[in-house]
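# Architecture and fold: a report
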Amino acid sequence: MRPEATVATMRGEATTSPPHPVERRLELRAFSVTYPLFTLEPMSLVLHGGEAVALVGPNGSGKTTTLKAIAGRLAADYRGGIYLDGVEVRSALPAIRTSIGLVPEDLLGYRWLTVRQHLDFLRRFFPTWDRDYERSLLARLGLRDEVKLGALSKGMRVKLSFVAAEAYRPPLLLLDEPTSGLDPVVRREVIEIIRECAPPGGDRIVLFSTHLLEDVEWLAERVVVLKQGVLCADTTLEALRAREGSVAGALYGLLEGR
Amino acid sequence: MSAGHFKALLGLELRRLAPTVLRVQGAALVLAALFILLGKASTENLLAAFIGTPIGATLLAPMTIVRDKMERTLEFLCTLPATAGEIAAARFAAAALALAPGAALAGIAVAAVDLPTPFDVLHGGLLAAATVGFWLLLSIASWVLVAAAAAFEFARLLRWPLVVVALAVILLLRIAERVRPADVAVALRDGPIPPWALPAAASVLLVALAAAALFAFAITRRAVARYRPDLDQPL
C-alpha cells in the first residue's frame, strides 16, 4: 500500500499519509539538529508499516544525521522528537535498539573478530535474533564464518552489516547508502535481498538513504528529498513519474529547485 | 543490569586481553629463567620480575579503551542495546581477571624465594592475604586508569592527568616511607599487636579501596554514556 502523493516543502508541519492497516509507525515531530556549520531544519514525517521509503539528497543534506538520530546513534543532541510506535526513541535508549536495525555507511566492529564471532557477540544483545535466518542470510550473501572483519572487502562489509541489522528482524530497518561504492553485481544482490527481507505491504518500515536514483526505483515506493538541511519533498514514485515522465528527471528537478 | 549483556561484553574483553596477558606473564617466566641460567637468581631479581610484571599489566585494560576510541570500536559498543553501566562493569571485571594470573605468580614467587628478615613473616595465610591484597591494589590502579582513559582523550591524558598521577605516586611513596614496611613486618612477627588492629586496618583499607573503585566506576560509566565520537557532523 502506498501513501498518497504529498509534495510539500515543510518546516515543522506533519506529513499526512492515509491510514495504514498495520499500526507500525515511525514519526518525526519537528526534528532538527544544529551543528556549527550546518542546520537540519525542523522536519516532520510519518512512516507506516509496510512502507519502503528512500531518503534522497546531495552530500551534506542531512540524510545520515536523520538516520543516525532515528537509530538512537546520533552523537549530537537534537530538538523535536522521534517516535517509534509511540515510544520516544531518545528516552527509550538503549533498549529500543532491539527494535531498530541500522546498516551504517561502514561496518563497525572489531577487525580481529571473525564473521562468526562478530555475529555471535551481537546475538547476545537481541532477544529476537534468529540463528537459522542469520545462517541463511550468510549463505545467500556468500559470507564465510571464518573470515576476519579486517579482511573483508567493502562489499562484504556492507553484506555483513546487513546481516547484523536484519538477523533479529527489527520492525524498523534503516540503511545508510547501502549500495554506495559496490560493484553492479554486489549492488544488485544487496538490493534483491533487501526487497525480499522487507517486502512491500508487510509490517516493517524500511528507510534508506541513497545517491543512486536506480536504487530508489528498485526499492522504494515513497521518496523523501532533503536539500541543504530542508525537507523539500515527500512524495511517491508514481507522483514523480507523473510529474516529469521519469523518477530521475523529477528528482533532479526537485534538487535543482524546479 | 543484564547478566547476558555483561557476560557477552566480558567475554569480548577477555578474548582480547588473554593473548597479551599470556605474553606478559610468559615474559616474566622467561626473565626468571634467564636469571636462573645466568646465575643471577637473587631474591631481588626474581621478585622484581614477578612483582614488576603485573604492575606493568595494569596498563593493559586502560589501553584497550584508548584503542577502542582510536579504532571506533567504542562507538560500536555504544550502538548496542547495552547500558553504559554494563560496558563499564565488563571492563572492570576484565581488568581484574587479567591481573589475577600476575598476582598469583607473584604470590608463588614470594613463597618460593627466601625472603630476608623481617619479611619472612609472609607465609601461609598471611601470604595468601597479601597476594589477594596485591591483586586488589593492582585492580583498583587499573580501574582508575580505565576511568582516566575513558574520560580523557589520549593526547589530553598526557597533560595534566599525567601530572596528577605523578603527584599521586610521589605521595604514595612518601606514605610508604612513613609506614616503613620493615617495621610493619617486625610488628607482625614480634607483636605486640592488639587483636582488633589487623581487622581494623584491613577494614579501613577496604573502605578506602571500595570508595576509589566506586569513584572510578562512576567516572567510567559517565564517560561511556556521554561518549561522543566526533564523526557525525556533515562536512
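Residues numbered from 1 in each chain as written. Chains lettered and ligands numbered in written order. Predicted model: local features only at pLDDT ≥ 70, side-chain atom pairs only at ≥ 80, totals over all residues. Heavy atoms only, no water.

Along the backbone of chain A there are 8 helices and 10 strands. For chain A, the C-alpha radius of gyration of 18 Å lies close to 18 Å, the compact-globule estimate for 258 residues. Taken over the C-alpha atoms alone, chain A extends approximately 50 × 40 × 40 Å along its principal axes. Counting only residues that meet the buried cut, chain A has 56% of its 258 residues in that class. The long-range fraction of contacts in chain A, counting pairs at least 24 apart against all pairs at least 6 apart in sequence, stands at 70%. (Helix = DSSP H or I, 4+ residues; strand = E, 2+ residues; numbered from the N terminus. Rg over C-alpha atoms; globule rule 2.2 N^0.38 Å. Buried < 20%, exposed > 50% of the residue type's maximum accessible area, 1.4 Å probe, protein only. Contact = heavy atoms within 4.5 Å.)

Take the side chain of Ser142(B) next. Residues and elements named next belong to chain B. Of note, Ser142 is situated in helix α6 (residues 124-151). Within the structure, the side chain of Ser142 is placed 3.0 Å from the backbone oxygen of Thr58, a separation counted as a polar contact. Excluding anything up to four places from it in sequence, Ser142 contacts Thr58, Ala61, Pro62, Ala95 and Leu99. (Polar contact = N/O pair within 3.5 Å; in protein donor to acceptor, adjacent residues only side chain to side chain.)

Below, the discussion takes up the confidence of the model for chain B. Residues and elements named next belong to chain B. For chain B, per-residue confidence averages 87 on the pLDDT scale, and 93% of positions sit at 70 or higher. When the criterion is pLDDT under 50, residues 231-235 qualifies, and its contacts beyond four places in sequence or with other chains add up to 16 contacts. Here the predicted complex carries an ipTM of 0.84, next to a pTM of 0.85. (pLDDT = per-residue confidence, 0-100.)

This part takes up the environment of Ser139(B). Residue and element names in this part refer to chain B. Mapping Ser139 onto the fold places it in helix α6. A relative accessible area of 1% places Ser139 in the buried class. C-alpha separation for the pair Ser139 and Ala149, spaced 10 residues apart in sequence, amounts to 15 Å. Apart from the residues lying within four places of it in its own chain, the contact partners of Ser139 are Ala96 and Leu99.

The next thing to look at is the sheet that holds strand β6 (residues 100-103) of chain A. Residues and elements named next belong to chain A. A sheet is described by the order of its strands in space; here 6 strands give the open sequence β6-β7-β8-β3-β9-β10, paired in mixed fashion. Each end of this open sheet is capped by a strand with a single partner; those strands are β6 and β10 (230-236). Taken pair by pair, the neighbouring strands of this sheet meet at an average axis angle of 15 degrees, ignoring direction. Note: strand β9 (residues 222-227) against β10, 6 bridges, orientation antiparallel. From the neighbouring strand, Arg222 faces β10, where its bridge partner is Thr236. (Pairing = 2+ DSSP bridges. Axes fitted to C-alpha atoms, helices over the stretch in contact; angles between N-to-C directions.)

For the rest of this paragraph, the subject is the interface of chain A and chain B. At the junction of the two partners, chain A supplies 26 residues and chain B supplies 28 residues. Both faces considered, chain A and chain B share a buried interface measuring about 2500 Å² in area, 68% of it formed by carbon and sulfur atoms. The largest per-residue losses of area from chain A upon contact with chain B belong to Leu108(A), Tyr110(A) and Phe125(A), which jointly make up 28% of the total buried on that side. For the pair chain A and chain B, the interface holds 0 salt bridges. Taken together, chain A and chain B are joined by 3 residue pairs in polar contact (both at pLDDT 80 or more). When contributions to the side of chain A that touches chain B are tallied by element, the ones reaching two or more residues are α1 (63-70) and α2 (115-123) of chain A. When residues in the side of chain A that touches chain B are grouped by element, the largest group, 4 residues, is from α2(A). (Buried area = accessible area lost by both parts, 1.4 Å probe. Salt bridge = Lys/Arg side-chain N within 4 Å of Asp/Glu carboxyl O.)

On to helix α8 (residues 247-255) of chain A. Residue and element names in this part refer to chain A. Taken as a whole, α8 has its buried residues at Val247, Gly249, Ala250, Leu251, Gly253 and Leu254. Looking at the buried residues of α8, the elements they touch are α6 (213-219), β9, β10 and α7 (237-244). Positive phi appears at Gly257, one or two residues downstream of α8, with a value of about 85 degrees.

For residues that are not glycine, phi is negative in most cases, and the peptide bond is trans in most cases. Residue and element names in this part refer to chain A. The residue after Leu93, namely Pro94, is reached through a cis peptide bond having omega 0 degrees. The residue Pro94 is located in the loop between β5 (87-88) and β6 in this model. Even without glycine at this site, Ala30 takes up a positive phi of about 45 degrees. Even without a glycine there, the phi angle at Glu177 is positive, about 45 degrees. Counting through the fold element by element, Glu177 comes out in the loop between β7 (172-176) and α5 (184-197). The exposure class of Glu177 is buried, given its relative accessible area of 9%.

With the rule as written, the count across this model stands at 11 aromatic pairs over all chains. Aromatic pair Trp129(A) and Tyr168(A): ring centres 6.1 Å apart, planes at 20 degrees, arrangement stacked. Linking Trp129(A) in the loop between α2 and α3 (131-141) with Tyr168(A) in the loop between α4 (154-166) and β7, this pair joins segments that are 39 residues apart in sequence. An aromatic cluster of three or more residues is present, and its members are Tyr110(A), Trp112(A), Phe121(A), Phe125(A) and Phe76(B). Here the guanidinium or amino end of Arg29(A) rests over the ring plane of Tyr83(A), the centre of that ring lying 3.8 Å away. (Phe/Tyr/Trp six-rings, centres within 6.5 Å; stacked < 30°, edge-to-face > 60°. Lys NZ or Arg CZ within 6 Å of the ring centre and 35° of its normal.)

Let's shift gears to the environment of Pro62(B). Residues and elements named next belong to chain B. Here Pro62 is to be found in helix α3 (residues 60-70). Judged by relative accessible area, Pro62 falls into the buried class, the value being 4%. Note: C-alpha distance between Pro62 and Asp120 (58 residues apart in sequence) is 34 Å. Residues within four places of Pro62 in sequence aside, it is in contact with Ser142, Leu145, Val146 and Ala149.

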